[in-house]
Amino acid sequence: MLVTGHTGFKGSWLSLWLHALGAEVTGLALPPPTDPSLFAAARLDELIDSVEGDVRDRDTVSAVVERCRPEIVFHLAAQPLVRLSYVEPVETYDTNVMGTVHVLDAVRRTPGVAGVICVTSDKCYENREWDWPYRESDPMGGYDPYSSSKGCAELVVSAWRRSFFHKDGPGLASVRAGNVIGGGDWAEDRLVPDLVRAFERGEAPVIRSPASVRPWQHVLEALGGYMMIAQRLLDGERRFADAWNFGPVDEDARPVRWIVDRMRAGWQDGVPSEVLDGGPRPHEAGLLRLDSSRARSMLGWRPSLRLDEAIAWIVDWHKRVGAGEDPRAVSLEQIAHYTALASEAGVFAAAG
């Protein structure tokens, strides 16, 4: 397996899970984007073949793909932050669009790859902030550079699928998850990490856009869906080489303030009430929902955790790690617990 972006939050959880399943994992990424990071805390460099490199460098990508000859490629490497994309728009497009081009072109030139899963974003859609959720067939778009770059990446995936992989070569899928949350996320300008940092310091968290609604979900929910697609592609089922939404149930598309209240209640340490960021803010969407009915009907995928449970898992992860427990062990315990829940519900059984 090749995982690009394995030093990031989602990539670290995915690499740890794949290793626990017995996969031989090669990772290609820049150094961890935060300090601390889940990659370092879980000591992932002891478990996988970790290659430091930039997906913007075509030769580096080609060399890594040629060397490891993966059966499955998970492409997660990205500039993942909306607000940073306003500061670094060129870097955002270069990474998210040309990085995807480089990965797909390297795969095109390398025999033996069965499937590629390109991870984009729920923000890839032309967001009209209407009440109903977006389907895979809705138009790509994006107001800000980050969202637009993810819409562009989807167009790249579609072009490569139809131009190069429509008959031969690997199955090529794109996956669009909601706002993923989980333990071990220390990114800047993301709600849950900002809350955790404030709570750990006993400070009032500073929030923006308390009424904005997002499709929140635990990171393992999305990753479980990605791996179900990977298994289908590995089995040669080309009808799964397509675009897929993996979002929460409609009731778990909640406003920012709801998340703040539940996180504070779970922390239980008398943290101060939040304060509103009164400074200038670039545009961010106020309403976003995903329609995951296609994944439910064709894959048998569905969420195994409700949002209140996901928040409890995040609080538990950070409190235990903050008390000195091993982050790798805590993460593996949550992966095992999630796998058991999904298996009992018949989700992973549906993957075959």
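Owing to the predicted nature of the structure, the values given are computational and were not obtained by experimental measurement.

Colleague: Requested: an account of the overall build of the protein chain, with residues and values cited.
Modeller: Looking only at helices and strands, one finds twelve helices and twelve strands in the protein chain. For a compact globule of 352 residues, the expected C-alpha radius of gyration is about 20 Å, and the protein chain comes in at 19 Å, within 12% of that figure. Each of the three principal axes of the protein chain carries a C-alpha extent, and together these read 60 × 40 × 40 Å. Within the protein chain, the fraction of its 352 residues that count as buried is 56%. When contacts within the protein chain are restricted to residue pairs at least 6 apart in sequence, long-range pairs at least 24 apart make up 80% of them. Total accessible area on the protein chain is roughly 14,400 Å²; 51% of this is exposed by carbon and sulfur atoms.

Colleague: Please provide a residue-by-residue account of helix α11 (residues 307-322), values included.
Modeller: The terminal C-alpha atoms of α11, which comprises 16 residues, lie 22 Å apart, in line with the 22 Å expected from a rise of 1.5 Å per residue. Of the residues making up α11, those classed as buried are Leu 307, Ala 310, Ile 311, Trp 313, Ile 314, Val 315, Trp 317, His 318, Arg 320 and Val 321. A positive backbone phi angle near 110 degrees is found at Gly 324, which sits one or two residues after α11.

Colleague: Give a detailed account of the environment of His 75, specifying residues and quantitative values.
Modeller: Mapped onto the secondary structure, His 75 falls in strand β4 (residues 72-75). A residue is classified by how much of its surface remains accessible, and His 75, at 2% relative accessible area, is buried. Sequence separation of His 75 and Thr 26 is 49 residues, and the distance between their C-alpha atoms is 12 Å. Apart from the residues within four sequence positions on either side, His 75 is in contact with Thr 4, Val 55, Gly 99, Thr 100, Val 103, Ile 117, Cys 118 and Val 119.

Colleague: So what's going on with the sheet that holds strand β6 (residues 171-177)? Residues and values would help.
Modeller: Read across the open sheet, the seven strands follow the order β3-β2-β1-β4-β5-β6-β10; overall the sheet is parallel. Both outer strands of the open sheet, β3 (49-52) and β10 (243-246), are each paired with one neighbouring strand and no more. Within this sheet the neighbouring strands show an average axis-to-axis angle of 20 degrees, counted without direction. With four bridges joining them, β6 and β10 adopt parallel strand pairing. Paired with Ala 177 across the bridge in β10 is Phe 246. Here helix α3 (residues 58-68) sits on the sheet in contact with β1 (2-4), β2 (26-29) and β3, set at roughly 180 degrees to β2.

Colleague: Lay out the nonpolar core in plain terms, naming residues and giving numbers.
Modeller: Grouped together as the largest cluster of nonpolar side chains are 51 residues, with contacts concentrated most on Phe 74 and Tyr 226. No other element matches the ten residues that helix α8 (residues 219-234) contributes to this core. Excluding residues that lie within four positions of it along the chain, Tyr 226 makes contacts with Lys 10, Phe 74, Ile 117, Val 119, Val 175, Ala 177 and Phe 246. Core analysis: the second largest hydrophobic core is formed by 23 residues, Val 97, Val 101, Cys 118 and Phe 165 among them.

Colleague: Break down the pairing of strand β9 (residues 213-218) for me, citing the residues and quoting the values.
Modeller: On any regular strand, side chains alternate: one points to one face of the sheet, the next to the other face. In terms of residue burial, β9 counts as a mostly covered element, since six of its six residues are buried. The alternating pattern of β9 places Val 213, Pro 215 and Gln 217 on one face and Arg 214, Trp 216 and His 218 on the opposite face, and all of these are buried. Of the strand pairs in this sheet, strand β7 (residues 179-181) and β9 are connected by three bridges, and their pairing is parallel. The partner of Asn 179 across the bridge, within β9, is Trp 216. Summarising the sheet, β9 and strand β11 (residues 253-255) pair through three bridges and their orientation is antiparallel. Pairing of Val 213 across the sheet is with Pro 255, part of β11.

Colleague: Break down helix α9 (residues 256-267) for me, citing the residues and quoting the values.
Modeller: In a regular helix each residue adds 1.5 Å, so twelve residues correspond to 16 Å; α9 covers 17 Å between its end C-alpha atoms and thus fits that length. Among the residues of α9, those classed as buried are Val 256, Trp 258, Ile 259, Val 260, Met 263, Arg 264 and Trp 267. Positive phi shows up at Gln 268, right after α9, with a value of about 60 degrees.

Colleague: Which residues make up the side chain of His 218, and what values go with them?
Modeller: Mapped onto the elements of the fold, His 218 is located in strand β9. On the basis of relative accessible area, His 218 is assigned to the buried category, the value being 1%.

Conventions adopted
- Residues numbered from 1 in each chain as written.
- Predicted model: local features only at pLDDT ≥ 70, side-chain atom pairs only at ≥ 80, totals over all residues.
- Heavy atoms only, no water.
- Helix = DSSP H or I, 4+ residues; strand = E, 2+ residues; numbered from the N terminus.
- Rg over C-alpha atoms; globule rule 2.2 N^0.38 Å.
- Buried < 20%, exposed > 50% of the residue type's maximum accessible area, 1.4 Å probe, protein only.
- Contact = heavy atoms within 4.5 Å.
- Areas by Shrake-Rupley, 256 points an atom, 1.4 Å probe, with all protein chains shown as cover.
- Expected span 1.5 Å × (residues − 1).
- Pairing = 2+ DSSP bridges.
- Axes fitted to C-alpha atoms, helices over the stretch in contact; angles between N-to-C directions.
- Core = buried A, V, L, I, M, F, W, Y, C linked by side-chain atoms within 4.5 Å.

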